[in-house]
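Fold and contact review
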Amino acid sequence: MSRSSVLKALRREGGLVVGTGTSIVCKDLMAKLDTWFPQAHMEPEAMARLAIAGYTELGMDIVMPLFSVCHEASAMGCNVHWGGPEQMPESGRPIFSSIEDIHVPADLLDRPGCKVPLKAIGLLRSRLGEDTAVCGKVFGPWTQAYHYFGVENFLMLTMDDASAVEQIMEALMPVTISFARAQIDAGADCILLGDHATRDLCSPASYERFLKPVHARLAKEINAPVILHICGDTSDRIGMISQTGLDSFHYDTKTGSPQKVRSLAGPGLALMGGVSNYTLLRGSPQEISAMARQAVLAGIDIVGPECAVPLLTPIENLKA
């Protein structure tokens, strides 16, 4: 497959594409390349080496080098713990308690949390050419607010002070937009937009009020195909997502069968995913191949893992 095939799939123009906009790194892959976490979160060359292995070692049609959820958080001042070969990074204690605390640094994109992946994307673009697509990744202001204010504190605001929620997201919107645009300038073909807004964290009414307009704005402001990713069962909001103007939705298999998800999404929204992370971790290559075939037959446009793969996933399962 080529870069153009991925872009066609994101426009629902046909073809079979395999890949994901979330991390494909497992411990087996780190060992094969002798490139490890946390080094690959913090050094451009190591980050690019692991990302490109999604193409060269696993046969996927997309490479994506931002393996954690903490790059913006690090650049914004969180005390990130970068984890290790068996532990993903964590953003640390909240750093803001009110809207007045929010300050977006003028040098945000020059701080290591942003600068490292931007350099890695440039390396990938120069090495891959037209062979396959490079996907960037950003987090929306809703998810960023979890890092900066704490999940519970922010979600309480959605019930107690809707105006404050809207002000916080407006203040954080430039982080998402500027980082996405910088990744595109560095060579990314598309952007995965992560937002942790499954039903247990965000009701359908909250999605419609707070996030639907934010996602519609990001679809316009980011000048490349945008793939929204939300973990968990999203069957109650795919219809709203399809109205935002976003190009694609990366869904969790908890939402239902590929056929159900395709039906809920309608004809205009490209879909990514279809393979359960639990099956990737615990299942056999034969089970995974069968799951991938089911996704293809149901009209999933880009078939791959439903989210960042568990770090102990066997490499044979990822190849399957």
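Residues numbered from 1 in each chain as written. Predicted model: local features only at pLDDT ≥ 70, side-chain atom pairs only at ≥ 80, totals over all residues. Heavy atoms only, no water.

1. A closer look at the packing of aromatic side chains
This is how the line gets drawn: Pairing of aromatic rings covers Phe, Tyr and Trp, the last through its six-membered ring, and needs centres within 6.5 Å; plane angles under 30 degrees mean stacked, over 60 mean edge-to-face, and all others mean tilted.
A full pass over the atoms with the stated rule returns seven aromatic pairs. Taken together, the ring pairs in this structure connect W142, Y146, F154 and F210 into an aromatic cluster.

2. A closer look at empty space enclosed by the protein
Our working definition: Space inside and on the surface of the protein is sampled on a 1 Å grid over the protein atoms alone, with a cavity defined as a set of points where a 1.4 Å probe fits but cannot get out and a pocket as an open set with protein on both sides within 12 Å along at least 5 of 7 lines; lining residues have an atom within 4 Å of a point. Grid points are joined across faces, edges and corners, and a volume is the space filled by probe spheres set on the points. Only DSSP runs of H or I reaching four residues or more are called helices, and only runs of E reaching two or more are called strands; each is numbered from the N terminus. Three classes are used, and their members are as follows: Ala, Val, Leu, Ile, Met, Phe, Trp, Tyr, Cys and Pro are nonpolar, Asp, Glu, Lys and Arg are charged, and the others, Gly among them, are polar.
As enumerated under the stated definition, the model contains one cavity of 30 Å³ or more in all. Looking at the largest cavity, its volume works out to about 40 Å³. Lining the largest cavity are T20, T22, I24, A51, G54, M60, I62, V63 and M64. Of all the secondary structure elements, the ones that give two or more residues to the lining of the largest cavity are α4 (44-56) and β2 (62-63). The class makeup of the residues in the lining of the largest cavity is six nonpolar, three polar and no charged.

3. Observations regarding a nonpolar patch on the surface
To keep things clear, this is the line we draw: Like charges are joined within 9 Å and nonpolar side chains (Val, Leu, Ile, Met, Phe, Trp, Tyr) within 5 Å, but only among residues with over 30% relative accessible area and no salt bridge; these make up the patches. Note on areas: Shrake-Rupley with a 1.4 Å probe; residue coverage comes only from the protein chains shown. The term salt bridge refers to a pairing of a side-chain nitrogen on Lys or Arg with a carboxyl oxygen on Asp or Glu at a separation within 4 Å. Only protein chains enter the accessibility calculation, which uses a 1.4 Å probe. A residue is then buried if its area is under 20% of the maximum for its type, exposed if over 50%, and partly exposed in between.
There is a patch of nonpolar side chains on the surface, built from L16, V18 and V296 and spanning about 210 Å² of accessible area. Residue position: L16 is located in the loop between α1 (3-10) and β1 (17-18). By relative accessible area, which is 44% here, L16 ends up partly exposed.

4. Focus on the pairing of strand β4 (residues 190-194)
What counts, and what does not: The criterion for strand pairing is that DSSP finds at least two bridges linking the strands in question. When the strands point away from the viewer, a crossover counts as right-handed if the route from the first strand across the helix to the second turns clockwise.
For β4, the tally of buried residues reaches five of five residues, placing the bulk of the element in the interior. In this sheet, β4 lies alongside strand β3 (residues 133-139) in parallel orientation, the contact comprising five bridges. In the strand pairing of β4, V138 is matched with L193. Bridging between β4 and strand β5 (residues 226-229) involves four bridges; their strand directions are parallel. When the sheet's bridge partners are listed, I191 is paired in β5 with V226. As a crossover connection, the stretch from β4 through helix α10 (residues 204-221) into β5 is right-handed.

5. Details of helix α14 (residues 285-298)
The α-helix advances 3.6 residues per turn, and as a result positions three or four apart in sequence lie on the same side. Note the following rule: Given the number of residues in a helix, its expected span is that number minus one, multiplied by 1.5 Å. Taken from the helix axis, the directions to the C-beta atoms give the arc we talk about.
Between its first and last C-alpha, α14 extends 20 Å over 14 residues, near the 20 Å set by a 1.5 Å rise per residue. Taken together, the buried positions of α14 are occupied by I288, A292, A295 and A298. Taken end-on, α14 shows its buried residues confined to a sector of 125°, consistent with a single buried face. For α14, the exposed residues lying more than 90 degrees away from the buried face are Q286, R293 and L297.

6. Some remarks on the side chain of D195
Which entries qualify depends on this criterion: In this tally, Asp and Glu contribute negative charge and Lys and Arg positive charge; neither His nor the terminal groups of the chain are included. As used in this structure description, the phrase polar contact means that two N or O atoms lie within 3.5 Å; if the pair is within protein, one of them must be able to donate a hydrogen and the other to accept it, and residues adjacent in sequence are counted only when both atoms belong to side chains. Residues are treated as being in contact if the distance between any of their heavy atoms lies within 4.5 Å.
With respect to the helices and strands, D195 occurs in the loop between β4 and α10. R237 is the oppositely charged side chain nearest to the buried, salt-bridge-free D195, at an N-O distance of 9.9 Å. Polar side-chain contacts of D195 include one of 2.8 Å to the side chain of T143. Discounting chain neighbours no more than four positions away, the residues touching D195 are G140, W142, T143, L211, H215, L228, H229 and I230.

7. Focus on the nonpolar core
As a reminder, the rule being used: Buried Ala, Val, Leu, Ile, Met, Phe, Trp, Tyr and Cys residues that are joined via side-chain atoms within 4.5 Å together make up what is termed a nonpolar core.
Core analysis: the largest hydrophobic core is formed by 109 residues, its most contacted members being L29, L50, W142, F154 and F249. With 12 residues, helix α9 (residues 162-186) is the single largest residue contributor to this core. The residues touching W142, leaving out its near neighbours within four places in the chain, are F154, L155, T158, V165, M169, D195, H196, A197, L201, C202, F210 and L211.

8. Brief notes about the pairing of β3
Of all the seven residues making up β3, seven are buried; the element is thus mostly covered by neighbouring parts of the structure. Here β3 shows two buried faces, one formed by A133, C135, K137 and F139 and the other by V134, G136 and V138. Where β2 lies against β3, two bridges are found, and the strand directions are parallel. By the bridge assignment, V63 is partnered in β3 with V134.

9. Topic: the pattern of salt bridges
As enumerated under the stated definition, the model contains 18 salt bridges in all. Between R11 and E13 there is a salt bridge, and its shortest N-O distance comes to 3.0 Å. By relative accessible area, E13 is classed as partly exposed at 48%. The residue E45 makes a salt bridge to R127 at a minimum N-O spacing of 2.8 Å.

10. So, the sheet that holds β2
As summarised here, the arrangement of the eight strands in space is β1-β8-β7-β6-β5-β4-β3-β2, forming an open sheet in which the pairing is parallel. The sheet terminates laterally at β1 and β2, the two strands that pair on one side only.

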